[in-house]
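The lines below spell out each chain.
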Amino acid sequence: MSEATTHHGGDRKWTDYFTFCTDHKVIGIQYLVTSFFFYFIGGALAEMVRTELATPDPDFVSPEVYNQLFTMHGTIMIFLWIVPAGAAFANYLIPLMIGADDMAFPRLNAVAFWMQPVGGILLISSFFVGAPQAGWTSYPPLSLISGKWGEELWILCLLILGTASILGAINFVTTIFKMRIPEMDIHSMPLFCWAMLATSALILLSTPVLAAALILLSFDLMAGTAFFNPTGGGDPIVYQHLFWFYSHPAVYIMVLPFFGVISEVLPVHSRKPIFGYRAIAYSGLAISFLGLIVWAHHMFTSGTPGWLRMFFMATTMLVAVPTGIKIFSWCATLWGGKLQLNSALLFAIGFLSSFLIGGLSGVMLAAAPFDIHVHDTYFVVGHFHYVLFGGSVFALFSAVYHWYPKMTGKMYDEFWGKLHFAMTFVGFNMTFLPMHYLGMQGMNRRIALYDPQFQSLNQVCTIGSYILALSTLPFLVSMVLGLVKGEAAGRNPWRALTLEWQTTSPPSIENFDEVPVLWAGPYDYGIDSESEDAGESVEEMLAEVAEVG
Amino acid sequence: MQSSTTNTTVTANYQAAPTEHHGHPDHRMFGLVLFLVAETMIFAGLFAAFLIYKSTIADFSKELELTIPTINTIILVSSSFVMHKGQSAIKNDDVKGLQLWFGITALMGAVFLGGQVYEYAHMEFGLTEHLFGSCFYALTGFHGLHVTAGLLFTLAVLWRSRAAGHYSGASHFGVEAAELYWHFVDVVWIVLFGLVYLL
């Protein structure tokens, strides 16, 4: 190895993480830490919402403040937590997984990241001028009459974050298509990259439409036009169409990257080749396509004519097919594997079980007659938390544990990690499962005061949410303990086959000391190997590669 | 960050790209195309809103004066061909030709914007008068913003072309990018003109 290769990621000063750094690994960690910062803010807001709902009366906060709380909770969790967290892993992992030295457009990448804190500060500052109260959907005409400046800051924040998201997607697609090492064709690419390809396509096609809706909404708010204001002849339903043309695909923007994560974590920790590589890869693209033509299922009760409901009902149910293909492929991957039940795999299995429930209640909601019955009730709240928390967040924690050794060079603390999982799983199910019953019995969402008959179940939810909040403590302990006294991880603690594990942990500034060698497919565990455990031969191969280098 | 000796050996092994940018394969055109896909979808959103209003609201449309917009359309569409002459010129290492044709394009773009300002000044309705007026100003205004951006892009190319050897037959990404962007603005205008003025 030459002199120049001795600069390792560890050489990064902590101050680098506060600068306009163009290294994709720094940007990935910047994204991750920023998004976790907003997770704690959004979580605190959620706890205030749940505390208010512990009793039927509005005794903790006023209804106006309650409206601000759930509006800001939704907005922060979606636009400042889960979407940037997906971008965090994409930024950190894509160049490493395809053997590139950086993203295609490093400076554009840094610009996109620094829009996150700017957008976040704008949004949070709206609390000083009266935060938005119209829910994260900001339906007019409510959003036009419930506080002008808070709403305008909300629009600005979303336009900034949307732009950042589009710039990121341009970068991901270009990097994936143009910067793979020559011997890696598109069908030997890790599934996480496939997932980001599908995600980026959605971002490029749907986010701009939200921008169009927000620009028009801003005109209504600030210039006195009446695009969405019925008193001036406008049509609020047009806003709903434009909004959901983005925001339905947005749920796949939030979950597809984490489908990719699961496809990486499961084969490594069960020592099995992934089942149905191409099926998983193409089903992601299928989800993207179907995601773009199902938006009006959010509008079954908006005066949508019957024939249109039929179309959107059918296409929505079709989404279950590619999703089912993925779920079955993941289960088949686990089947008969040598499971290493560490925190990463536990969270991945937690993802499988919770996301399955969210997916099934999604099929229920796709049926227009049932949807009309439970529309705007807690059933919907329960459903989307099973998808977004049970899906995205569980997989996100799985990703954090799985790649923590690569990012820090240290092992996290397994005991506290498992405690984190246990508390999250219990707290999560306790919080969101009762919501399905509440919704079926008719409890509306977005209300601060409710009928006393719903009190006992609401208290279960609230206690569950406290457990969920406390579960972040063992998480932080596990992360900090790992940093302080975790054992050195080495290049490849999981004996995984994707390229990011071929370089040092943390990776050197230039990612790879020499062009990485692609000597096996990303998931070829137990294939072409004399020994029963493919991991053995992996270690040998890695040692050989290191010697040659 | 990208300066060490190892890095050059690494990139040397990468697939040979048609063009290079600071020693790296040049992916900027690919990125620009993706960006324009996103831009197209913003306009698609606005057009969709316009079409929904048009098809659901009775007597939504208002009569528009067609003379100036038609002249404007002819100017903008032909400026795309003028600009292409500039790109062909630089491919033959003809910087003077690039400057000539891009200069004419910039002039034509400015005339288009001037025509739009004139049209706005003589309009019979304002932004908030009725829904059609709001749509009219939102759509043409947003497009005008893009023409302005394209004009600035063209002027930037002209500015940079003054440095000897900045653009050549082998290296002229800025020229091609400006041209692609201008074509995009042009195509959007044709759709917009058809929807708002003629339909």
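## Remarks on the confidence of the model for chain B
Summing up the model confidence of chain B, the mean pLDDT is 89 and the portion of residues at 70 or higher is 89%. Considering only residues more than four positions removed or in separate chains, one finds that residues 1–17 of chain B, a stretch of pLDDT under 50, has 34 contacts.

## Observations concerning the nonpolar core
Nonpolar side chains in soluble globular proteins tend to be buried together. Among the nonpolar cores identified, the biggest contains 222 residues, and Phe89(A), Trp330(A) and Val196(B) are the most heavily contacted of them. With 22 residues, the single largest contributor to this core is helix 2 (residues 63–97) of chain A. Val196(B) has contacts with Phe50(B), Leu64(B), Phe132(B), Phe136(B) and Leu139(B), leaving out every residue within four places of it along the chain.

## Things to note about the pattern of salt bridges
Under the definition given, this model contains five salt bridges over all chains. For the salt bridge of Lys25(A) with Asp23(A), the shortest nitrogen-to-oxygen distance reads 3.2 Å. With a relative accessible area of 5%, Lys25(A) lands in the buried category. Residue Asp23(A) is classed as buried on the basis of its relative accessible area, which comes to 1%. Across the salt bridge formed by Asp26(B) and Arg28(B), the nearest N and O atoms sit 2.9 Å from each other.

## Some thoughts on the interface of chain A and chain B
In this complex, chain A contributes 47 residues to the contact, which on the side of chain B involves 35 residues. Between chain A and chain B the total buried area reaches about 3,300 Å² when both faces are included, carbon and sulfur atoms providing 75% of it. Counting the surface chain A buries against chain B, the share from its top three residues, Asp101(A), Phe227(A) and Glu510(A), is 15%. Our count for the chain A to chain B interface comes out at zero salt bridges. Applying the counting rule to chain A against chain B returns one residue pair in polar contact (both at pLDDT 80 or more). In terms of residues, the side of chain A that touches chain B owes the most to one element, helix 6 (residues 191–222) of chain A, which gives nine residues.

## Describing the side chain of Ser138(A)
Residue and element names in this part refer to chain A. Of note, Ser 138 is situated in the loop between helix 3 (106–125) and helix 4 (142–145). Residue class for Ser 138 comes out buried when judged on its relative accessible area of 0%. With residues up to four places along the chain from it excluded, the contact list for Ser 138 reads Ser 143, Glu 151, Trp 154, Leu 217 and Tyr 239.

## Concerning empty space enclosed by the protein
Residue and element names in this part refer to chain A. One pass over the structure, following the stated rule, counts nine cavities of 30 Å³ or more. As for the largest cavity, its lining consists of 23 residues, and the residues nearest its centre are Val 83, Pro 84, Ala 87, Ser 165 and Ile 203. The set of elements that each furnish at least two residues to the lining of the largest cavity consists of helix 2, helix 5 (148–178), helix 6 and helix 7 (236–270). Residues belonging to the lining of the largest cavity are distributed by class as follows: 17 nonpolar, six polar and no charged.

## Some words on the packing of aromatic side chains
Counted by the stated rule, this structure contains 76 aromatic pairs over all chains. With 6.0 Å between their ring centres and 70° between their planes, Phe177(A) and Phe30(B) make a pair best called edge-to-face. Highlighted residues: Phe177(A) in helix 5 and Phe30(B) in helix 2 (residues 28–56), drawn from two different chains. What makes Phe177(A) partly exposed here is its relative accessible area of 38%. Phe30(B) sits in the partly exposed class, given a relative accessible area of 27%. Against the face of Trp159(B) rests Arg162(B), its NZ or CZ located 3.8 Å from the ring centre.

Conventions adopted
- Residues numbered from 1 in each chain as written.
- Chains lettered and ligands numbered in written order.
- Predicted model: local features only at pLDDT ≥ 70, side-chain atom pairs only at ≥ 80, totals over all residues.
- Heavy atoms only, no water.
- pLDDT = per-residue confidence, 0-100.
- Contact = heavy atoms within 4.5 Å.
- Core = buried A, V, L, I, M, F, W, Y, C linked by side-chain atoms within 4.5 Å.
- Buried < 20%, exposed > 50% of the residue type's maximum accessible area, 1.4 Å probe, protein only.
- Helix = DSSP H or I, 4+ residues; strand = E, 2+ residues; numbered from the N terminus.
- Salt bridge = Lys/Arg side-chain N within 4 Å of Asp/Glu carboxyl O.
- Buried area = accessible area lost by both parts, 1.4 Å probe.
- Polar contact = N/O pair within 3.5 Å; in protein donor to acceptor, adjacent residues only side chain to side chain.
- 1 Å grid on protein atoms, 1.4 Å probe; cavity = no way out; pocket = protein on both sides within 12 Å on 5 of 7 lines; lining within 4 Å.
- Points joined across faces, edges and corners; volume = space filled by probe spheres on them.
- Nonpolar A, V, L, I, M, F, W, Y, C, P; charged D, E, K, R; others polar.
- Phe/Tyr/Trp six-rings, centres within 6.5 Å; stacked < 30°, edge-to-face > 60°.
- Lys NZ or Arg CZ within 6 Å of the ring centre and 35° of its normal.

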